[in-house]
Amino acid sequence: MAQKGVQLERETVCCSICLDLPKDPVSIPCGHSYCMGCIQNHWDTEEEKKVYQCPDCRHTFEPRPLLMKNTMLAVLVEDLKKTGLQAAPPDHCFAGPEDVACDVCTGRKLKAFKSCLLCLASYCEKHLQPHYDSATFKKHKLVDPSMKLQENICSRHDEVMKMFCRTDQQCICYLCSVDQHKGHDTVTATAERMERQKEVEVSLEELEQTLEDREEDEKKLEQEVESVNRSADRAVEDSEKVFTELIRVLEKESSELMQQIRSQQESEVSRVKDLQEKLQQEITVLKSKHAALKQLLNTQDHNQFLLSYSSLSTLSPSKQSFSIDVCLLRYFEEVTAAVSRVRPQIQDVLTETLRNISPTVTPDDVLLSPSEPKTRAGFLQYSKEITMDPNTVNYDLLLAEDNRKVTRMSEPLSYADHPDRFNHWSQLLSRESLTGRCYWEVEWTRGEGEGEGKGEVNIAVTYKDIRRAGTSKKCRFGCNNKSWSLDFYDTCKFFHDSLAIEVSAPVCSRVGVYLDHSAGTLSFYSVSDTTMTLLHIVQTTFTQPLYAGVYLSYSGRTAEFCKLK
């Protein structure tokens, strides 16, 4: 009973904020008591409201009450401390069904703070203290609370399993190593752990790298999905505009043709009505003459007959033609036939063109822009003279032939610093900006003794604000969203924003580049003396003027912007 009374007393005096015996206990006007620091901190959080509340009874005070020391409670707390009693732990400190309980606590057990692999027991903070204070426990291995400590005990010998049998791949105790595992490859569990830990660390590193790569791949796929969606939306929008314009043209042509037919109709109908009127007049005259002649035949008086005959014989029938214009009728028939021929022609053109569109852009199966030339002669009408900008040239590159040819050197050259210069990647830009429709050709060669797959050359276009300084790949053509690059190595690939597309075509040494800036079309061609073969085509939206670019990765390799005029 005495113990129960003490328990009730210490619960009564406990500070309801920190759940511990009050430090510098103070009372507030409603009669509740707290640690001075606890109630001050609590009211400091309510300073902006200017209304202060008791945490227990929720009574409010205004203004903030002055805190007075509770002398009687302070004496009581000191007496409790002298007896060695402390405030009862709050409920969340006790072990629940899912928690590891302290093996030393009696009655209601507290949560374990640590487990000891040597003692094979778990301890709360209070009962763990000897492991920190006594030298006897200094070498004990403490781990996070575990419910599996008994799994470390050998079921055969009731000993801690500190050995590992590599032959049987299982943990054993020392007695097992000299008993049923005698002659096996055995080591201490610690040594095996160190070996296995190295393997786990390597696997973890590889896994982290793989995870990083997959997350990067996921980002690229997300970008690809966005790109596909943007391209599809743009294709729908552009196609709708084209068909709307086509419908408008057809409606206009239809309207004009209908007006022309109606005009011819009105003209011919008016002419025919005029003829009808004249014909009716002539019919009236002819009927009158017919009646007179009939009357003449019935005349009995010969003299009267002869006199009347002289006057009637002067009437002669009209020679005018009253036929419909056959040519005009033929015109109407030809219009009908022509319109009938146009319909299947338009339908065939649309069907054949749309059927030839492939889901993937390839050199052999691609829908070119209606305005894109079909022959080299057609491209040459948009040819543009390209020269290289000396302010952008990398230190490893040498310009020649009026800044149209560049060679990769084995040793860096001395160029003055310039903010436009690529200071790491061996690439450069054209002096001329590219807008509208432009066509140019680049011819490149391998270095002396250079074999297949040795070194790279990139034929590129880019916005002017591409990064120039530093070793980051964001400065390199094709590795950012500001540039588009065709890369020749042992194979041909197209790069944009670090996404690569294999180009199924043999590597060529002369490349034609066609740009329709407003249409958002960029095409790369393999050029020979007589033919042009499409390598890759890009359909996008260009938001800035573009500049031609070249990248060379191997000494001795050259690239030249060809003269086309």
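Quantities reported herein were computed from a predicted structural model and do not represent experimental measurements. (Residues numbered from 1 in each chain as written. Predicted model: local features only at pLDDT ≥ 70, side-chain atom pairs only at ≥ 80, totals over all residues. Heavy atoms only, no water.)

Bringing the overall build of the protein chain into the picture now. Of regular secondary structure, the protein chain possesses 9 helices and 24 strands. For the protein chain, the proportion of contacts with a sequence separation of at least 24, taken over those separated by at least 6, is 56%. (Helix = DSSP H or I, 4+ residues; strand = E, 2+ residues; numbered from the N terminus. Contact = heavy atoms within 4.5 Å.)

So, about a nonpolar patch on the surface. Together, Phe 243, Leu 246, Ile 247, Leu 250, Val 342 and Ile 346 make up a nonpolar patch on the protein surface, roughly 440 Å² of accessible area in all. Contributions of two or more residues to the nonpolar patch are made by helix 6 (189–297) and helix 8 (326–355). With 4 residues, the single largest contributor to the nonpolar patch is helix 6. Inspection of the secondary structure assignment puts Val 342 in helix 8. (Patch = residues over 30% accessible without salt bridge, like charges linked within 9 Å, V, L, I, M, F, W, Y side chains within 5 Å. Areas by Shrake-Rupley, 256 points an atom, 1.4 Å probe, with all protein chains shown as cover. Salt bridge = Lys/Arg side-chain N within 4 Å of Asp/Glu carboxyl O.)

This part is about the pairing of strand 13 (residues 405–408). Put simply, side chains in a regular strand alternate between the two faces of the sheet. With burial as the criterion, only one face of strand 13 is covered, namely that bearing Val 406 and Arg 408; the residues Lys 405 and Thr 407 on the opposite face remain uncovered. Bridge count between strand 12 (residues 397–400) and strand 13: 4 bridges; the pairing is antiparallel. Bridged to Ala 400 within strand 13 is Lys 405. Between strand 12 and strand 13, which pair antiparallel one after the other, the connecting turn spans 4 residues, and Glu 401 there sits at a positive phi close to 50 degrees. Across 3 bridges, the pairing between strand 13 and strand 24 (residues 558–561) is antiparallel. From the neighbouring strand, Thr 407 faces strand 24, where its bridge partner is Thr 558. (Buried < 20%, exposed > 50% of the residue type's maximum accessible area, 1.4 Å probe, protein only. Pairing = 2+ DSSP bridges.)

Pairing between the strands of a sheet comes from backbone hydrogen bonds, and it takes one of two forms, parallel or antiparallel. Reading across the sheet, the 3 strands line up as 10-9-11 and stay open at both edges, with antiparallel pairing between neighbours. Of all the strands in the sheet, just strand 10 (170–172) and strand 11 (186–188) have a single pairing partner and so form its edges. Shown here is a sheet whose adjacent strand axes are inclined to one another by a mean of 35 degrees, direction ignored. Two elements, strand 9 (residues 163–165) and strand 10, share 3 bridges in a ladder whose sense is antiparallel. Bridge pairing links Phe 164 to Cys 171 in strand 10. Relative to strand 11, helix 6 is tilted by about 90 degrees, and along the sheet it contacts strand 9 and strand 11. (Axes fitted to C-alpha atoms, helices over the stretch in contact; angles between N-to-C directions.)

Summing up the model confidence of the protein chain, the mean pLDDT is 82 and the portion of residues at 70 or higher is 88%. At the level of individual helices and strands, the protein chain shows its lowest average pLDDT in helix 1 (residues 2–13), which scores 50, and its highest in strand 23 (residues 546–552), which scores 95. Counting contacts from residues 358–370, a segment whose pLDDT is below 50, to residues more than four positions away or on other chains yields 20 contacts. (pLDDT = per-residue confidence, 0-100.)

This part takes up the pairing of strand 16 (residues 457–463). Buried residues dominate strand 16, accounting for 7 of its 7 residues. Here strand 16 shows a buried face lined by Val 457, Ile 459, Val 461 and Tyr 463 and a second buried face lined by Asn 458, Ala 460 and Thr 462. Of the strand pairs in this sheet, strand 16 and strand 17 (residues 483–488) are connected by 6 bridges, and their pairing is antiparallel. Within the sheet, the bridge partner assigned to Val 461 lies in strand 17 and is Trp 484. Relative to strand 23, strand 16 is paired through 7 bridges, and the arrangement is antiparallel.

Below, the discussion takes up the pattern of salt bridges. Tallying each qualifying case throughout the model produces 19 salt bridges. Arg 248 is the salt-bridge partner of Glu 245, the closest N and O atoms lying 2.6 Å from each other. Pair noted here: Glu 245 and Arg 248 are both in helix 6, with a separation of 3 residues, about one helical turn. Note on Glu 245: relative accessible area 37%, which makes it partly exposed. When its relative accessible area of 43% is taken as the criterion, Arg 248 is described as partly exposed. Glu 456 is paired through a salt bridge with Arg 476; the nearest N and O atoms lie 3.1 Å apart. Remark: Arg 476 occurs in the loop between strand 16 and strand 17 and Glu 456 occurs in the loop between strand 15 (437–445) and strand 16; sequence separation between them is 20 residues. The buried category is assigned to Glu 456, whose relative accessible area is 17%. Overlapping salt bridges, with partners in common, bring together Arg 376, Glu 441, Glu 443 and Arg 510 in one network.

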